[in-house]
Amino acid sequence: MNAQTAKFVEGSTMRHILVMSGSGSVGLMALFAVDLLDMLFISMLGQIELAAAVGFAGTLMFFSTSVSIGTSIAMGALVSKAIGAKEFDKARQLSGSVMLTAFAISLVFTVLMFAYIPELLALIGAEGHTAERAEAYLRIIVPSGPILAVAMAAGAGLRSAGDAKRSMWVTLSGGIVNAILDPIFIFGFNWNVEGAALASVISRFAVLYFSLYPLIKHHNLVSLPSLSQWLTHIKAILKIAVPAIFTNTATPIGNAIVTTSIAQYGNDFVAGYAVIGRLIPVCFAVIFALSGAVGPIIGQNLGAKRIDRVKETLYNSLLVTFIYTLFVCSLLFFVQDYIVQGFTLEGDAVLIVQAFCTYVAITFIFNGAIFVANTSFNNLGKPIYSTILSLGRATIGTLPFVYLGSLWFGALGVLYGQALGNIIFGVIAILVLQKHIKELMQNAAPQNELEADIAQEAASQEAQVTSEIAVEQAGKASKTTDSQKNNEKPDTSSPIPAPACEQALKEEDEIPLSCLNTQPFCTLDAVLIDDLASHKDELVTAPLINSDVINNDVTNNDVTNNDVTNPDVINNEDGKELKEK
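What you see is a predicted model, and the numbers here were worked out from it, not measured in a lab.

Chemist: Please clarify how the pattern of salt bridges should be interpreted in this entry.
Modeler: Pairing between side chains of opposite charge can happen when their charged atoms approach one another. Counted under the stated rule, the structure contains seven salt bridges. Of the charged contacts, one joins Arg133 and Glu194 as a salt bridge, the two residues approaching to 2.8 Å between their closest N and O atoms. One end of the pair, Arg133, is in helix 5 (residues 128-141); the other, Glu194, is in helix 8 (residues 192-217), with 61 residues separating them in the sequence. Classification of Glu194 as partly exposed rests on a relative accessible area of 23%.

See the structure below:
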């Protein structure tokens, strides 16, 4: 790979979260802002049915997009973990396999959805001219679903590699293209909702290019798999993708329930809810991007076995969610009148938008907690948790509360009921997430101790081997020194006296007898100590010579070896005197 590294395993996790979610939110905000502009342009046509049609169509398209999001989550979880473990070849193979899987799943879903568009619209409450306009919109945009699926998977691959800048440009490019073409097609060619749909299709091809090209060119993170490789990877991919798809389709299921409940109160409420549906992703783009940004950070640290950083990442994500939601909700409260005027809303549409901006938006804190929890479960090997959590929120967390809210407060009660269900399941998500983090930390502790013991044992063995090598080298050096000493001829010209004896000589004091029995003096086996003591003055002044020389000298002075057995330090005259004695 081209300078590929696991960049999320080092540095501040908060910084990684802010950079990745910030850059991702720019692109998402641009993309969702274009959807908001779609609604704005359609509203400017002055036909409430067209705005309602786009609302119904958007609810169904949310299903298609959620399928693509599910497969992109598998891309982020698997590829980021492989990068964190420095298995770059595996990351390339997984990337190609995930995109192929994303295309296949989206193709099946697209075919089924295209075949049953009228029935699906009727199921969520679309009728008459509104249903016809919504069907015209969907006939154009639905076939581009597989293109979007591959594009979103490639974008997740960029985030897995930590490429915040290019992942931002993926969605930003789509938003720019859509923003340019929308007014041309809607007003210039007078194509109405069909023009908005065609502009969205072209923008999806732009998203595909800006996501796939840098993933291949700059990161070398795509390897087209063989059939055997794809079959090998498909189990791991589906293990994450299928629960993630169900998890993400839970949100449009909940929205469909809410839309159906509101539809019975008239098109004005539906149009107002359609505006809310476009406001949410624009205003809370950071939260949506956060759920996509946290996955690769968790995945890389999980691959590197840094559970402490996984825990820190999750807590920082929840903190960012809380602070950002408070800021956005304060802003919505003060600009709600401008939103109503900008979309030329009237009557009941105004009421529902104001209710959202004043009371409901703040509950998105709990929505954000659910997003973070789902992302963590998908990346930590517990995708079934996120599926249960999301489906539970979309069903038992929505149906009874929406029904009771509608019964007590009408159309506005539908929003209040949905918000209450989000609060309850948001709290559940946080509690389950804390429990799961605690389990991860407990499981990681014995593994860390085992790895420490293994490392300590390896270090001990290495130290022992090093010590043995040092001893062996010292022994060889000692043998070499002894050999050199044996080969050296002793220097007899200037023998070195023992320190004590040398000191006695300097001080001209009496020499201890022990000095006479140590080198460089000699031991006279045939001479009594008393005789040595009586002649010590003569012995001290005698020149020091080698034993071989003494033997020769004593022989020359008629001193036999029987008389002097080991002479080392006597001269010729001493040898003669000793002989006479």
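Picking up after the structure, the text goes on.
Chemist: Explain unusual backbone geometry to me, please; I cannot follow it from the model alone.
Modeler: Residues other than glycine predominantly adopt negative phi, and peptide bonds predominantly adopt the trans conformation. The phi torsion at Lys86 lies on the positive side, around 60 degrees, for a residue other than glycine. Mapped onto the secondary structure, Lys86 falls in the loop between helix 2 (48-84) and helix 3 (88-115). Even without being a glycine, Asn192 presents a positive backbone phi close to 55 degrees. For Asn192, the location among the structural elements is in helix 8.

Chemist: Would you explain the nonpolar core in this entry?
Modeler: In summary, soluble globular proteins display a tendency toward joint burial of nonpolar side chains. Grouped together as the largest cluster of nonpolar side chains are 73 residues, with contacts concentrated most on Leu121, Leu138, Phe284 and Phe356. Looking at this core element by element, the count peaks at eleven residues for helix 10 (residues 267-283). Counting residues in each nonpolar core, the second largest holds 32 residues, with Ile73, Met75, Ala91 and Ala241 among its members.

Chemist: Can you help me understand the packing of helix 5 against helix 8 in this one?
Modeler: Two packed helices can be described by the angle between their axes and the distance between those axes. Between helix 5 and helix 8, whose axes approach to 8 Å, the crossing angle comes to 20 degrees. As the angle between them shows, helix 5 and helix 8 are arranged roughly parallel. The element helix 5 and its partner helix 8 pack so that their crossing is right-handed. Across the interface between the two elements, Arg133, Ala136, Tyr137, Ile140 and Ile141 of helix 5 pack against Val193, Glu194, Ala196, Ala197, Leu198, Ser200, Val201 and Arg204 of helix 8. When the residues that make up the contact of helix 5 with helix 8 are grouped by side-chain class, the tally is nine nonpolar, one polar and three charged.

Chemist: I would appreciate a short explanation of the packing of helix 2 against helix 5 in the present structure.
Modeler: Contact geometry of helix 2 with helix 5 gives a least axis separation of 8 Å together with a crossing angle of 50 degrees. One finds that helix 2 runs oblique with respect to helix 5. Where helix 2 crosses over helix 5, the handedness of that crossing is right-handed. Along the contact surface, helix 2 presents Glu49, Leu50, Ala52, Ala53, Phe56, Ala57, Leu60 and Met61, while helix 5 presents His129, Thr130, Arg133, Ala134, Tyr137, Leu138 and Ile141. Tallied by class, residues from the contact of helix 2 with helix 5 come to eleven nonpolar, two polar and two charged.

Procedures and definitions
Residues numbered from 1 in each chain as written. Predicted model: local features only at pLDDT ≥ 70, side-chain atom pairs only at ≥ 80, totals over all residues. Heavy atoms only, no water. Salt bridge = Lys/Arg side-chain N within 4 Å of Asp/Glu carboxyl O. Helix = DSSP H or I, 4+ residues; strand = E, 2+ residues; numbered from the N terminus. Buried < 20%, exposed > 50% of the residue type's maximum accessible area, 1.4 Å probe, protein only. Core = buried A, V, L, I, M, F, W, Y, C linked by side-chain atoms within 4.5 Å. Axes fitted to C-alpha atoms, helices over the stretch in contact; angles between N-to-C directions. Parallel < 35°, antiparallel > 145°, perpendicular 65-115°, else oblique. Left-handed = near helix turned anticlockwise from the far one by under 90°. Contact = heavy atoms within 4.5 Å. Nonpolar A, V, L, I, M, F, W, Y, C, P; charged D, E, K, R; others polar.

Geometric values such as these leave the question of function open.
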